[in-house]
Structure formats: C-alpha cells, structure tokens
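Single-letter residue listing:
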Amino acid sequence: MIVVVGLGNPGRRYQGTRHNVGQDVVTRLAASCGVRLEDDGWARVGRARVGTATMVLAIPETYMNVSGQAVRDLLHRRRRRPADLLVVSDDLDLPLGRLRLRPGNGAGGHNGLRSIIAELGTGAFPRVRIGIGRPPLRTDAAEFVLERFTPEERPVIDAAVAAAAEAVVTVAREGLEAAMNRFNHNG
C-alpha cells in the first residue's frame, strides 16, 4: 500500500493555482478510480485499487506550509512509514510540465516538503515533482506559485497532471524505479 499525498492549499481561492498541482493529480486519480475523497482528520482521503496495488489518496486540508501535520497524522493513523508515502508537489526549478520522480532528499526550497520532513524527521520518502516554471523577472516566487496558469500554459500543465497521475499508478503497480525510468525522461 502506498499513501499518495497531493500538496496544495485548501479552498476555492487556491484552486487552479501553480502551488496546487499536487492536489490536481490526486483529484484526477480519485476521479479516474471512482473514489470519493472524504474528510478524515486533517485531510480528504479515499482508497483506490489499481490491479493488485492499494493506494490511499489524500489531500491535506492544511495550508502548504504546515502540510507535515496532516501527513504525520495520516501515516500514524494508517500505521504506515515514511517509505510508504508518495508526495506529489509543484516545483519552481523544473520547466513547465516536466516531471521528476525521486526516492527522497531535501525540501529543495519547497515549504510543503520542508514541513513534511520536519514533522516526520526524515526526507526519506519518494516524491513526484511537477514543473511549474520560473517566475518572470521581478516577480516574487511566493506570489508566482499562488497565480493561476495562463491560457497558453494550461494545456501543458493539464498534460503534466495526467502524466503525473499515470506515474503514480506506475509507482503503485511496478515500483518507484520503473516509474522513474519511464517518466523522468519526458520533455
């Protein structure tokens, strides 16, 4: 079983923003698996089966900067370890639409990942990062991540969300290494 957490901020105000692409992936997975996400502690959670694999799909109801509280609670209540976690998040340092799967490392400047690492006491959990591009000159990164995608960017990010959802399913069915080999090379 893997626990798939899509990071973002709660509420309509943040729907469709760059920072919420992780949530968009989990929402897409839930819809494609016919799973309803329901309130469960500090997250909306559902359980999905893909072949013989089970995924717990979760979207924290906390703000990005304190996502770790929801993730720690989720893992504790399901008696799972950080290695059972797969976090899906945005990444400023990747070109728009590029995916990057990793077995774990630091936060890379991402406050949601930083919060999870602080709460779990380790960065040893896999993640799927989705490139949202760099902010234009003189645009604050904190403001940029809370902006919505432009009409020109939307098709690229929609395709990336679809690919990230497919990558998550591949992790569940075949393992992280197979998913890394398949998805880390996309353009």
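Each value, and the rule that gives it
- Residues numbered from 1 in each chain as written.
- Predicted model: local features only at pLDDT ≥ 70, side-chain atom pairs only at ≥ 80, totals over all residues.
- Heavy atoms only, no water.
- Pairing = 2+ DSSP bridges.
- Helix = DSSP H or I, 4+ residues; strand = E, 2+ residues; numbered from the N terminus.
- Axes fitted to C-alpha atoms, helices over the stretch in contact; angles between N-to-C directions.
- 1 Å grid on protein atoms, 1.4 Å probe; cavity = no way out; pocket = protein on both sides within 12 Å on 5 of 7 lines; lining within 4 Å.
- Points joined across faces, edges and corners; volume = space filled by probe spheres on them.
- Nonpolar A, V, L, I, M, F, W, Y, C, P; charged D, E, K, R; others polar.
- Salt bridge = Lys/Arg side-chain N within 4 Å of Asp/Glu carboxyl O.
- Buried < 20%, exposed > 50% of the residue type's maximum accessible area, 1.4 Å probe, protein only.
- Core = buried A, V, L, I, M, F, W, Y, C linked by side-chain atoms within 4.5 Å.
- Contact = heavy atoms within 4.5 Å.
- Polar contact = N/O pair within 3.5 Å; in protein donor to acceptor, adjacent residues only side chain to side chain.
- Phe/Tyr/Trp six-rings, centres within 6.5 Å; stacked < 30°, edge-to-face > 60°.
- Lys NZ or Arg CZ within 6 Å of the ring centre and 35° of its normal.

J.: Before we move on, can you summarise the sheet that holds strand 7 (residues 127-131) with the specific residues and values?
T.: Read across the sheet, 7 strands follow the order 2-3-4-1-5-7-6 without closing on themselves; strand pairing throughout is mixed. The sheet is open, and its two edges are formed by strand 2 (38-40) and strand 6 (99-102), each paired on a single side. Ignoring which end each strand starts from, the neighbouring axes of this sheet average 30 degrees apart.

J.: Quick rundown of the layout of surface pockets? Include the residues and the values.
T.: Taken as a whole, the largest pocket encloses approximately 430 Å³ of empty space. Ranked by residue count, the leading element in the lining of the largest pocket is strand 5 (residues 85-91), at 3 residues. Partitioning the lining of the largest pocket into residue classes produces 9 nonpolar, 10 polar and 5 charged. Of the volumes computed, that of the second largest pocket is approximately 160 Å³. Gly11, Gln15, Asn20, Gln23 and Arg44 are, among the 13 residues lining the second largest pocket, the residues nearest its centre. Sort the elements by how many residues they give to the lining of the second largest pocket and helix 1 (residues 21-33) lands first, with 3 residues.

J.: Break down the pattern of salt bridges for me, citing the residues and quoting the values.
T.: Following the criterion strictly, the structure yields 13 salt bridges and no others. Residue glutamate 61 is joined to arginine 44 by a salt bridge in which the shortest nitrogen-to-oxygen separation is 3.0 Å. On the criterion of sequence distance, the pair formed by glutamate 61 in the loop between strand 4 (53-60) and helix 2 (67-77) and arginine 44 in strand 3 (residues 43-50) is long-range, its members being 17 residues apart. On the basis of relative accessibility, which here comes to 38%, the residue glutamate 61 falls in the partly exposed class. In this structure arginine 44 comes out as partly exposed when scored by relative accessible area, which is 27%.

J.: Go over the nonpolar core, please, and point to the residues and values.
T.: Val4, Val25, Met55, Leu57, Ile130 and Val168 are the most contacted members of the largest nonpolar core, which totals 40 residues. With 11 residues, helix 5 (residues 154-174) is the single largest residue contributor to this core. If we skip the residues at most four places from it in the chain, valine 25 touches Val88, Ile130, Val161, Ala164, Ala165 and Val168. Among the nonpolar cores identified, the runner-up in size contains 19 residues, and Leu7, Ala43, Val71 and Leu113 belong to it.

J.: Tell me about the side chain of asparagine 20, residues and numbers included.
T.: In this structure, asparagine 20 sits in the loop between strand 1 (2-6) and helix 1. At a separation of 3.3 Å, a polar atom in the side chain of asparagine 20 contacts the main-chain carbonyl oxygen of tyrosine 14. In contact with asparagine 20, not counting residues within four places along its chain, are Leu7, Gly8, Asn9, Tyr14 and Gln15.

J.: Explain the packing of aromatic side chains to me, and be specific about the residues and the numbers.
T.: One pass over the full model with this rule turns up 1 aromatic pair. A ring pair is formed by tyrosine 14 and tyrosine 63, whose centres lie 6.1 Å apart and whose planes are at 85 degrees; its orientation type is edge-to-face. Highlighted residues: tyrosine 14 in the loop between strand 1 and helix 1 and tyrosine 63 in the loop between strand 4 and helix 2, separated in sequence by 49 residues. Relative accessible area serves as the criterion here: at 10%, tyrosine 14 is assigned to the buried category. Overall, tyrosine 63 belongs to the partly exposed group, its relative accessible area being 46%. Cation over ring: arginine 127 sits above phenylalanine 125, and NZ or CZ is 4.2 Å from the ring centre.

J.: Outline the side chain of serine 67, listing residues and values.
T.: Checked against the element boundaries, serine 67 lands in helix 2. A relative accessible area of 0% means that serine 67 is categorised as buried. A polar contact of 2.7 Å, which involves the side chain of serine 67, links it to the backbone oxygen of methionine 64.

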